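Descriptive analysis of the structure
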Number of protein chains: 2
Amino acid sequence: MEHRELKQAGLRATGPRLKILDVLHESDDRHLSAEDIYRHLVEADEDVGLATVYRVLTQFEEAGLVRRHNFESGHSVFELNSPGHHDHMVCLETGDVVEFLSEDIERLQREIADAHGFELVDHSLVLYVRPRRNE
Amino acid sequence: MEHRELKQAGLRATGPRLKILDVLHESDDRHLSAEDIYRHLVEADEDVGLATVYRVLTQFEEAGLVRRHNFESGHSVFELNSPGHHDHMVCLETGDVVEFLSEDIERLQREIADAHGFELVDHSLVLYVRPRRNE
DNA sequence: ATGAATGCAAAAACTTTGCATGACG
DNA sequence: CGTCATGCAAAGTTTTTGCATTCAT
């Protein structure tokens, strides 16, 4: 029940918000741009404006429902904020996105921030890779 | 001699390119947006167009003279491609950028890419931090 | 009913491109 | 001199905003 998901996040359960959340849940691709989501909605004959998609995604981000990434330049992509944190590996040749998690790296990051007198709030780690040739 | 630096990179040593490279070398802040560089030039009464700044920075990036980052959304920032690689820590309260390097993290990244059947080509790691309160 | 959310269109922010002119080697 | 590079202005992208209308509670 996505209605509940929105209320718990402190947001009114409006039509556009429900539809956008649904696209995020149902899409094969976990990582979608605002334009991607807008296209899904138009194709499904849902009447939602692009401006609303941007506004709603920003609210979702503030509410912790989604995370925003800026992998390469140009535009942002959004993904549902799944309970488990993870980082991303992007294949430069195929565009595939693989999620991974390294507790060692997570710990090292906290230690490094700490050593510089800071507290780690968040981080962004993206590995750019290409298929390994079997030599 | 920045003239030489450009020739070695395979670029003609034109006025605008020398001036932009100079701004990158002389600026206190290592990380500058195209607009930042343009502003420096205008203040120094140098007659260089913003479009040229963008074109030259892109050429510099392709030639390996600078690196482009997309820390937050909206705009790119550029820094001279110093010989030693490093990652970045951005303070959310002051905007300060601190550079750091962890050989452990570098190694773990290669291992992770490898474990997924990929070869690590590049990566982006940014820690978002805030000043640690002394409790 | 009432304040919040939406759609549309216009604007803003950032970056790229077309074209005539000017500069490097 | 022949390109290649530049400046300017115009166009392209992505994202935000103003405002009248509609919707959720």
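It should be emphasised that the depicted structure is a prediction, and the values quoted were computed from it without experimental measurement. (Residues numbered from 1 in each chain as written. Chains lettered and ligands numbered in written order. Predicted model: local features only at pLDDT ≥ 70, side-chain atom pairs only at ≥ 80, totals over all residues. Heavy atoms only, no water.)

Here the focus is the protein's contact with DNA strand C. If you check the shell around DNA strand C, you find 21 residues, and the closest are A:T14, A:D47, A:T52, B:R12 and B:Y54. The sugar and phosphate moieties of DNA strand C supply 69% of its atoms located within 4 Å of the protein. Within the contact set of DNA strand C, a phosphate oxygen lies 3.4 Å away from a backbone nitrogen or oxygen of B:A13. Between DNA strand C and the protein, one listed contact pairs a phosphate oxygen with a backbone N or O atom of B:S76 at 2.9 Å. Split by residue class, the surface near DNA strand C holds eight nonpolar, six polar and seven charged. (Near = heavy atom within 4 Å. Polar contact = N/O pair within 3.5 Å; in protein donor to acceptor, adjacent residues only side chain to side chain. Nonpolar A, V, L, I, M, F, W, Y, C, P; charged D, E, K, R; others polar.)

Once that is clear, we can look at the pattern of salt bridges. By the definition in use, this model includes 20 salt bridges over all chains. In this structure, the salt-bridge partner of A:R68 is A:E61, at a minimum N-O distance of 3.0 Å. For A:R68, a relative accessible area of 28% puts it in the partly exposed group. Taking relative accessible area as the criterion, A:E61 reaches 31% and is therefore assigned partly exposed. A:D114 is the partner of B:R132 in a salt bridge, and the nearest nitrogen-oxygen pair spans 3.1 Å. Taken together, the residues span two chains, with B:R132 in the segment after β6 (118-131) and A:D114 in helix α5 (residues 103-115). Linked through salt bridges whose partners overlap, the residues forming this network are A:R30, A:E79 and A:E99. (Salt bridge = Lys/Arg side-chain N within 4 Å of Asp/Glu carboxyl O. Buried < 20%, exposed > 50% of the residue type's maximum accessible area, 1.4 Å probe, protein only. Helix = DSSP H or I, 4+ residues; strand = E, 2+ residues; numbered from the N terminus.)

Here we take up the protein's contact with DNA strand D. Taken together, 22 residues lie around DNA strand D, and A:Y54, B:R12, B:T14, B:D47 and B:T52 are the ones closest in. In the interface set of DNA strand D, defined as its atoms within 4 Å of the protein, sugar plus phosphate atoms amount to 69%. Contact distances for DNA strand D include 2.9 Å between a phosphate oxygen and a backbone N or O atom of A:S76. Between B:T14 and DNA strand D, the recorded distance is 2.7 Å, taken from a side-chain N or O atom to a phosphate oxygen. Elements supplying a minimum of two residues to the surface near DNA strand D: α4 (50-63) of chain A together with α2 (15-26) and α4 (50-62) of chain B. In terms of residue class, the surface near DNA strand D is built from eight nonpolar, seven polar and seven charged.

Turning our eyes to something else, we now look at the relation of the copies chain B and chain A. For the pair chain B and chain A, the relating rotation is 179 degrees, the translation along its axis is 0.2 Å, and the fit reaches an RMSD of 0.3 Å. In the structure described here, the two chain copies are related by an operation that fits a two-fold rotation axis. The position closest to the rotation axis in chain B is occupied by the C-alpha of B:L125, lying 2.2 Å away. Interface overlap between copies: 97% of the residues of chain B at the interface are likewise at the interface in chain A, consistent with a symmetric, same-surface contact. (Least-squares fit on C-alpha atoms with pLDDT ≥ 70 in both. Contact = heavy atoms within 4.5 Å.)

So yeah, pure geometry; function would need other evidence.
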